[in-house]
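# Observations on the three-dimensional arrangement
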Amino acid sequence: MTREKSLGKVLLSIVIAITMIGIPANIFIARSASASPATIVVPDDYTSIQAAINAASDGDTVYVRAGIYTESIYILNKNINIVGEDGAVIKCPASPNDVTIGSHAYDYVVGIFGGTYTSTNDTVWGSGNVHVNFSGFTIDCNDFVPGDRFAGILCYNVIGEISDNTVENVYVDGKETFGILCYGDMDITIEGNTVDQFARGGIGVNGGTCDIIGNTVIGPGVGVPVTWAPNGIQVGYGASGTIAGNDVSGCGWPGTDWCGTGIMVVDTSNVIVDNNYVHDNEQAIAVVDAPAAWGSPWDERTASNIIVSNNTVENNEWGLQIANDIDDVLVEHNNFYNNINDAIDVWNYSVCPATPTNVSIHYNNIVGSGVDGLWVGDYVTDTVDARYN
């Protein structure tokens, strides 16, 4: 079998998904000096979360007591905080809300939207940010089967934090489903969440800036007969930021054309992947430029200035791949342990004539690789600096 065929499997699947002692007072969103921020309590003041959101003004906090709330909620151009008490569950109803972003229609449990909403076709688009912090909930997606795509938490043009939530019971097979998915002009911190199962993506940010920190992301498993190849954490399509301190596992696909990936950085620049534990995936980490031959949107950007450092990459089928028209990649101080095939691959897909440039690989520990510790493809012309490993 040629190396191209043996690596065909790693052509990647790319996505275009408080315990209460009193009520928290340390909420930072500013409000007009003429009005004091209010705290609206569910179910004390309103029986549903959406009714409380509708009643809230900029700077207010919606505080949700423990209980199961079967509803699909949205925040549209309203600068508020939504905080769940320990035990607060938002459960997907039989007919959740939906919205179109770009070319896809999304059903969702929680939607947080800036920009402009057009009611005639349920579309969110354009510029304008919303400031929202959302924390402390279990999002029970109730195995809802969407018509097109689905997200537990869906964001557009959001500045704020999504923290300490659990997204669970996301439908796995047959549709493109996501845990937390963000588009547009984002400035978002996604921290301390657990996303357990999904078909297409665990946490994805496709635009703006992000810090994805300390999350646990669990895919459907390696070799599970799923329709879509899942990615655990993805930052791409112009988004920049940091992916740090996450635990990502269980992303795999049984076919040979695509590959489930733990952490993917695609078609973007200025991303740091640091101190993550990436284990038991098909592909652990991928830093790639999507081939222009695939057409829009993959022909719109290249990738550059990526740092992969201090990660533990263990018990995956493949370790790290750096592929196609990508420039300036630093790989340092990582531990690659017992990966079934290669620890590190630098190469290009057959449909992409451009190859990686300015790749430096230093001070890594590579132990127990089933095939190669480092493999550089035959068509890579730029020297890969791989000293001091």
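What comes next concerns the included structure.

About the cut-offs
Residues numbered from 1 in each chain as written. Predicted model: local features only at pLDDT ≥ 70, side-chain atom pairs only at ≥ 80, totals over all residues. Heavy atoms only, no water. Core = buried A, V, L, I, M, F, W, Y, C linked by side-chain atoms within 4.5 Å. Buried < 20%, exposed > 50% of the residue type's maximum accessible area, 1.4 Å probe, protein only. Contact = heavy atoms within 4.5 Å. Helix = DSSP H or I, 4+ residues; strand = E, 2+ residues; numbered from the N terminus. Pairing = 2+ DSSP bridges. Axes fitted to C-alpha atoms, helices over the stretch in contact; angles between N-to-C directions. Disulfide = S-S within 2.5 Å. Patch = residues over 30% accessible without salt bridge, like charges linked within 9 Å, V, L, I, M, F, W, Y side chains within 5 Å. Areas by Shrake-Rupley, 256 points an atom, 1.4 Å probe, with all protein chains shown as cover. Salt bridge = Lys/Arg side-chain N within 4 Å of Asp/Glu carboxyl O.

### Side note on the nonpolar core
Ranked by size, the top nonpolar core spans 75 residues in total, and within it Phe 134, Ile 139 and Ile 285 carry the most contacts. Excluding its chain neighbours within four sequence positions, the residues that come into contact with Phe 134 are Ile 73, Ile 82, Ile 90, Val 110, Ile 112, Ile 139, Ile 153, Glu 161, Ile 162, Ser 163 and Asn 165.

### Thoughts on the side chain of Thr 100
By the element assignment, Thr 100 lies in strand S7 (residues 97–101). When its relative accessible area of 19% is taken as the criterion, Thr 100 is described as buried. The contacts of Thr 100, once residues within four sequence positions are left out, are Ala 105, Asn 121, Asp 122, Thr 123 and Val 124.

### Structural notes on the sheet that holds strand S3 (residues 67–70)
Pairing in this open sheet of 11 strands is parallel, and the strands run S3-S6-S12-S15-S18-S21-S24-S27-S30-S33-S36 from one edge to the other. Lying at the two open borders of the sheet, with one neighbouring strand each, are S3 and strand S36 (365–367). Between one strand axis and the next, the sheet turns by 10 degrees as a mean value, whatever way the strands run. Pairing between strand S30 (residues 312–314) and strand S33 (residues 335–337): three bridges, direction parallel. Bridging from a neighbouring strand, Thr 312 pairs with Asn 335 of S33.

### So, the sheet that holds strand S2 (residues 61–64)
An order of S1-S2-S5-S11-S14-S17-S20-S23-S26-S29-S32-S35 is seen for the 12 strands of this open sheet, with the pairing classed as parallel. On the outer flanks of this sheet lie strand S1 (39–42) and strand S35 (357–362), each paired with one strand and no other. Strand-to-strand twist across the sheet, computed as the mean angle between neighbouring axes with direction ignored, equals 10 degrees. As paired elements, strand S26 (residues 269–274) and strand S29 (residues 303–309) share five bridges and run parallel to each other. Residue pairing for S29: Ile 272 is matched across the bridge by Ile 307.

### Focus on the state of the cysteines
Such a bond, covalent and formed between the sulfur atoms of two cysteines, is termed a disulfide. Across all of its chains, the model carries zero disulfides by this definition. No disulfide involves Cys 182; its sulfur sits 4.1 Å from the nearest other cysteine sulfur, which is in Cys 155. Judged by relative accessible area, Cys 182 falls into the buried class, the value being 0%.

### Here we look at the pairing of strand S17 (residues 187–191)
Pairing between strand S14 (residues 158–163) and S17: five bridges, direction parallel. Directly across from Gly 160, in S17, lies its bridge partner Ile 188. Pairing of S17 with strand S20 (residues 209–213) involves five bridges; the strand directions are parallel. Within S20, the residue paired with Thr 189 across the bridge is Asp 211.

### So, a nonpolar patch on the surface
Where nonpolar side chains cluster on the molecular surface, the patch consists of Tyr 74, Leu 76 and Tyr 117 and spans about 250 Å² of accessible area. For Tyr 74, the position within the fold is in strand S4 (residues 73–76). Taking relative accessible area as the criterion, Tyr 74 reaches 36% and is therefore assigned partly exposed.

### Thoughts on the environment of Thr 216
Along the polypeptide, Thr 216 turns up in strand S21 (residues 216–221). Look at Thr 216 and you get partly exposed, because its relative accessible area is 28%.

### Quick notes on the pairing of strand S24 (residues 247–251)
The buried count for S24 comes to four of five residues, which makes it a mostly enclosed element. As defined by bridge partners, S24 adjoins strand S27 (residues 277–279) across three bridges and the pair is classed as parallel. Within S27, the residue paired with Asp 247 across the bridge is Tyr 277.

Any link to function would need more than the numbers given here.
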